[in-house]
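Topology and contacts: notes
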Amino acid sequence: MDTIRIALKDLEQNTGQIPGLPANPRQWKKTEVDKIAKSLRETPELFEARPIIVTQYAGKFVILGGNLRFEGCKRNKDKDAPCFIIPDDTPIDKMKEIIIKDNGSFGEWDYDALGNLWDDLPLGDWGVPAWKEEKEPATPEVKDDDFNEDAEVETRCNPG
């Protein structure tokens, strides 16, 4: 099985049109389409190595994996996209497995390594989930009339 280029007009998203195969369970926002479109322009060789996964149905190629990449191609006004064709006699359960595994995320990011060794790169733009630094809790304003000599004093130590 080889990767071939297929015209975008011949591709359609999985909307549940194949009997027994539910619609694509992934969702995305406009900003995510913008990011993937930019990524596809910047690293087309990665897209060639990880093509859209399709199967033929009713004269079209239905996307099993790569719906967001497809949207990115449309945003970029591409004419075609690299695709890997799964045989149309593939069992529905196998197609479901492909859909979920293509969208799955195994493993976890090592945020210490990312923060110390990879921090010179636009990681958020490349799809690495962003993390936020914790802010110091706000210190309540103390008024003279709030002071009570008999009150127990709470001490907080803030290292660093």
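Here goes a summary of the coordinates provided. Computed from a prediction, not measured in an experiment: that's the story for all the values here. (Residues numbered from 1 in each chain as written. Predicted model: local features only at pLDDT ≥ 70, side-chain atom pairs only at ≥ 80, totals over all residues. Heavy atoms only, no water.)

1. Remarks on the state of the cysteines
The criterion, for reference: Cysteine sulfur atoms that come within 2.5 Å of each other are treated as a disulfide pair. Type-normalised accessible area, obtained with a 1.4 Å probe on protein chains alone, sets the label of each residue: buried when under 20%, exposed when over 50%, and partly exposed for intermediate values.
Enumeration according to the criterion identifies 0 disulfides in this entry. Not engaged in a disulfide, the cysteine Cys73 finds its nearest cysteine sulfur in Cys83; these two sulfurs lie 8.1 Å apart. Here Cys73 falls in the buried class, since its relative accessible area comes to 0%. Cys83 sits in the buried class, given a relative accessible area of 0%.

2. A look at the side chain of Asp102
The test is simple: A run of DSSP states H or I qualifies as a helix once it reaches four residues; a run of E qualifies as a strand once it reaches two. Both are numbered from the N-terminal end. Polar contact is the term for a pair of N or O atoms within 3.5 Å; when the atoms are in protein, one must be able to donate a hydrogen and the other to accept it, and sequence-neighboring residues count only if both atoms are side-chain atoms. Throughout, a contact is declared for two residues whenever any of their heavy atoms are within 4.5 Å.
Along the polypeptide, Asp102 turns up in helix H4 (residues 92–103). According to the relative accessible area criterion, Asp102 is buried, its value standing at 15%. Within the local environment of Asp102, its side chain forms a polar contact with the backbone nitrogen of Gly66, the two atoms lying 3.4 Å apart. Apart from residues no more than four positions distant in its own chain, Asp102 is found in contact with Arg50, Ile53, Gly65, Gly66 and Arg69.

3. Some words on the pairing of strand E5 (residues 80–86)
In plain terms, the rule: Two strands qualify as a pair provided that DSSP identifies no fewer than 2 bridges between them.
Bridge analysis of strand E1 (residues 3–7) against E5 gives 5 bridges, and the strand direction is antiparallel. What sits directly across from Ile4, in E5, is Cys83. The pairing of strand E3 (residues 52–57) with E5 spans 4 bridges and is classified as parallel. When the sheet's bridge partners are listed, Ile52 is paired in E5 with Cys83.

4. Quick word on the packing of helix H1 (residues 30–42) against helix H3 (residues 67–75)
Basically, it comes down to this: With axes taken as lines fitted to C-alpha atoms, and helix axes fitted only over the stretch in contact, angles between N-to-C directions fall between 0 and 180 degrees. For classification purposes, angles smaller than 35 degrees are called roughly parallel, those larger than 145 roughly antiparallel, those between 65 and 115 roughly perpendicular, and all remaining angles oblique. Put simply, Ala, Val, Leu, Ile, Met, Phe, Trp, Tyr, Cys and Pro go in the nonpolar bin, Asp, Glu, Lys and Arg in the charged bin, and everything else, Gly too, in the polar bin.
Interhelical geometry of H1 versus H3 gives an angle of 75° and a closest axis separation of 8 Å. One element, H1, and the other, H3, form an angle in the roughly perpendicular class. From H1, Lys30, Glu32, Val33, Asp34, Ile36, Ala37 and Leu40 reach across to H3, where they touch Leu68, Arg69, Glu71, Gly72, Cys73 and Arg75. In terms of residue class, the contact of H1 with H3 is made up of 6 nonpolar, 1 polar and 6 charged.

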